[in-house]
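Residue-level listing of the chains:
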Amino acid sequence: MKTEIDSFSGYRIYPSKGRLFVRGDNKIFRFATSKNESLFLQRKNPRKIAWTQVYRRMHKKGITEEVAKKRSRRTVKHQRGIVGADLAAIAARRNQSAAARAQARTAAIQKAKAEKKAKEEKKDKTKAPRAPVSTAPRVSKQQMKGGKGGR
């Protein structure tokens, strides 16, 4: 036995019961009772009418089995190393006192400055003295080749 579903209320319609309504766009609506048909034709919203299946489903009515709440897993925090520093180095740096950290920083800055100064001195020593600049008028490469230069 094939049962239909009421288009408005969601009730079952048994064979030889109910009415069929075909709209202008050829969409078929089936109604179990004239009450359902009347409310549909009045353009009532079945979600707002308390006895319809759509309303009951929307407002979670009549659900006998209570679904157990899903247990969410607790996020576990892990410490991981960063590129250039493993976990032990990070832990050692965290446990270091502020004074020791400042002292290490100043030492590193002084070392970098000394290296920079040494590099500058080396650069000055290796610089060869330039050849004396001639006082002749400056001529571009194109003019030397003789192309369009004298116009």
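Reference entry: report on the structure contained in this document. (Residues numbered from 1 in each chain as written. Predicted model: local features only at pLDDT ≥ 70, side-chain atom pairs only at ≥ 80, totals over all residues. Heavy atoms only, no water.)

1. Observations regarding the overall build of the protein chain
Thought 1: Within the protein chain one finds 5 helices and 4 strands.
Thought 2: Listed N to C, the secondary structure of the protein chain is β-β-β-β-α-α-α-α-α in terms of helices and strands.
Thought 3: Partitioning the contacts of the protein chain with sequence separation of at least 6, the portion at a separation of at least 24 is 28%.
Thought 4: In the form shown here, the protein chain has an accessible surface area of approximately 14900 Å², with 52% of it arising from carbon and sulfur atoms. (Helix = DSSP H or I, 4+ residues; strand = E, 2+ residues; numbered from the N terminus. Contact = heavy atoms within 4.5 Å. Areas by Shrake-Rupley, 256 points an atom, 1.4 Å probe, with all protein chains shown as cover.)

2. A look at the pairing of strand 3 (residues 19-22)
Thought 1: As judged from the 4 bridges shared by strand 3 and strand 4 (residues 28-31), these two strands associate in the antiparallel manner. Note on strand 4: the bridge partner recorded for leucine 20 is arginine 30.
Thought 2: If you look at the hairpin formed by strand 3 and strand 4, you'll find 5 residues sitting between the two strands, and asparagine 26 has a positive phi there, around 70°. (Pairing = 2+ DSSP bridges.)

3. Focus: helix 4 (residues 98-126)
Given 3.6 residues per turn, any residue in an α-helix points the same way as the ones three and four places further on.
Thought 1: Between the first and last C-alpha of helix 4 there are 42 Å, a value that for 29 residues agrees with the 42 Å anticipated at 1.5 Å per step.
Thought 2: Sparse coverage of helix 4 is indicated by the burial of 0 of its 29 residues. (Expected span 1.5 Å × (residues − 1). Buried < 20%, exposed > 50% of the residue type's maximum accessible area, 1.4 Å probe, protein only.)

4. As for the nonpolar core
Thought 1: Counting 5 residues, the largest nonpolar core is built from Phe8, Phe29, Phe31, Leu39 and Ile49.
Thought 2: Not counting chain neighbours up to four residues away, the residues in contact with isoleucine 49 comprise Phe8, Leu39, Lys44 and Tyr55. (Core = buried A, V, L, I, M, F, W, Y, C linked by side-chain atoms within 4.5 Å.)

5. Side note on the pattern of salt bridges
Thought 1: Following the criterion strictly, the structure yields 4 salt bridges and no others.
Thought 2: Between arginine 23 and aspartate 25 there is a salt bridge whose closest N-O contact spans 3.2 Å.
Thought 3: When its relative accessible area of 37% is taken as the criterion, arginine 23 is described as partly exposed.
Thought 4: Among the charged side chains, a network of salt bridges with common partners joins Lys2, Glu4 and Arg30. (Salt bridge = Lys/Arg side-chain N within 4 Å of Asp/Glu carboxyl O.)

6. Some words on the side chain of glutamate 37
Thought 1: Among the structural elements, glutamate 37 can be located in helix 1 (residues 34-41).
Thought 2: Apart from the residues lying within four places of it in its own chain, the contact partners of glutamate 37 are Arg19 and Phe31.

7. Some details on a nonpolar patch on the surface
Thought 1: A grouping of Leu20, Val22 and Ile28 is seen on the molecular surface, where their side chains present a nonpolar patch of about 270 Å² in accessible area.
Thought 2: Structurally, the position occupied by leucine 20 is in strand 3. (Patch = residues over 30% accessible without salt bridge, like charges linked within 9 Å, V, L, I, M, F, W, Y side chains within 5 Å.)

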